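# Residue-level structure breakdown
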Amino acid sequence: MVLTQWMLNDLLNRLTAPSGSLYLPPDIDPHTLVESLADRHGAPRTLVLEGFTDPTVDDSCGAVLLDLLEGRGVTIRAWAYGDQWIGAGTARDAEGVVRPVLATAPRRTKAPWAEALVGMPGGGDEDWVERLIGITGWTLPPQRPDVDWGQTEARLGTRLPGDYKRMVETFGEGAFDAYLALNQEPWTDLREDGLLVWAGTEHEDLYCWRMDDGDPDRWHVAVQTFDGKVVPFDCSVAEFVCRILLDPHHPFTMAHYFDTHWFMNYRAS
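The following paragraphs examine the structure supplied in this document. (Residues numbered from 1 in each chain as written. Predicted model: local features only at pLDDT ≥ 70, side-chain atom pairs only at ≥ 80, totals over all residues. Heavy atoms only, no water.)

Turning next to the sheet that holds strand β2 (residues 45-49). One open sheet holds the six strands; their spatial order is β1-β6-β5-β4-β2-β3, and the pairing between them is antiparallel. Only two strands of the sheet have a single partner each, and these edge strands are β1 (20-23) and β3 (52-53). In the sheet, β2 pairs with strand β4 (residues 73-81) via three bridges, with the strands oriented antiparallel. Looking at β4, one finds that V48 is bridged to I76. Lying over the sheet, helix α2 (residues 30-41) contacts β4, β5 (84-92) and β6 (98-106), oriented at roughly 170° with respect to β5. (Pairing = 2+ DSSP bridges. Helix = DSSP H or I, 4+ residues; strand = E, 2+ residues; numbered from the N terminus. Contact = heavy atoms within 4.5 Å. Axes fitted to C-alpha atoms, helices over the stretch in contact; angles between N-to-C directions.)

Quick look at the sheet that holds strand β7 (residues 174-176) now. Taken in spatial order, the seven strands make up an open sheet running β12-β11-β10-β9-β8-β7-β13, and their pairing is antiparallel. The open sheet terminates on both sides in strands that have one partner only, identified here as β12 (230-232) and β13 (263-265). Looking at each pair of strands side by side, their axes are set apart by 35° on average, direction ignored. Note that β7 and strand β8 (residues 180-187) share three bridges and pair antiparallel. Across the sheet, the residue bridging to G174 is L182, located in β8. Across the sheet, helix α7 (residues 162-171) touches β7, β8, β9 (195-200), β10 (206-210) and β13, and the angle it forms with β8 is around 120°.

This brings us to the nonpolar core. M167, L180, W198 and F240 are the most contacted members of the largest nonpolar core, which has 38 residues in total. The set of elements that each furnish at least two residues to this core consists of α5 (128-136), α6 (149-156), α7, β8, β9, β10, β11 (220-224) and α8 (237-246). Take this core: its biggest share by element is eight residues, from α8. The residues contacting M167, other than those within four sequence positions of it, are V129, L132, G172, F176, L182, V237, A238 and V241. Listed in part, the 18 residues of the second largest apolar core include A63, A80, A91 and V101. (Core = buried A, V, L, I, M, F, W, Y, C linked by side-chain atoms within 4.5 Å. Buried < 20%, exposed > 50% of the residue type's maximum accessible area, 1.4 Å probe, protein only.)

What follows is the structure, encoded as structure tokens:
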């Protein structure tokens, strides 16, 4: 059976909210099922492989899916999507037959700073990258720990802000809430305007730094909108992302779309 995106939507809609599992007909290829979800949600995390459960799996990375399947998972991959975990792969049904399976379960992140962040003044000694890790529920190891920043900065002709480099090293290639795509190297398209682009969106907004200080760690964010306007903000990259994820009153807020946030990893470690 050819699994179309329309069919996948139908299968997901048939799952009982907020959690449920669905054993699928044997003519659905579980590899195609996983690949179809990966096209939507990025690289999955493997919870169970050939019957062996990753011993590091806990509630922060989708263990609730395994509880839902009552330990019958044979090969299970998981994706974060807002306040949901989505799982797919193969599991043994009540008769012990290995079948393709699809499951969803509630997802929560442990972000003790989330409620306190809105309205909180910026600057100071806050570690905004750590806050961002907590807000997104990030549990994977650093994705790009060996980036040669010396080579990158030599190519660009400038040093780069430390929080940006930590974000790239930690999260790697992907997008916050599957929307704000983090550039792995800044774009120089707007350099003549004194801007260096560190992220972008599908709405063609460009998230930049204003290169108006000799110390890159003092560069502030500016957003060039799809219609060419430049909107300045007096904060760093990591602080800016924390605020747009959580503050519903921010002019570039993403808080209207999801209450629980994540980073969509485009490729496996």
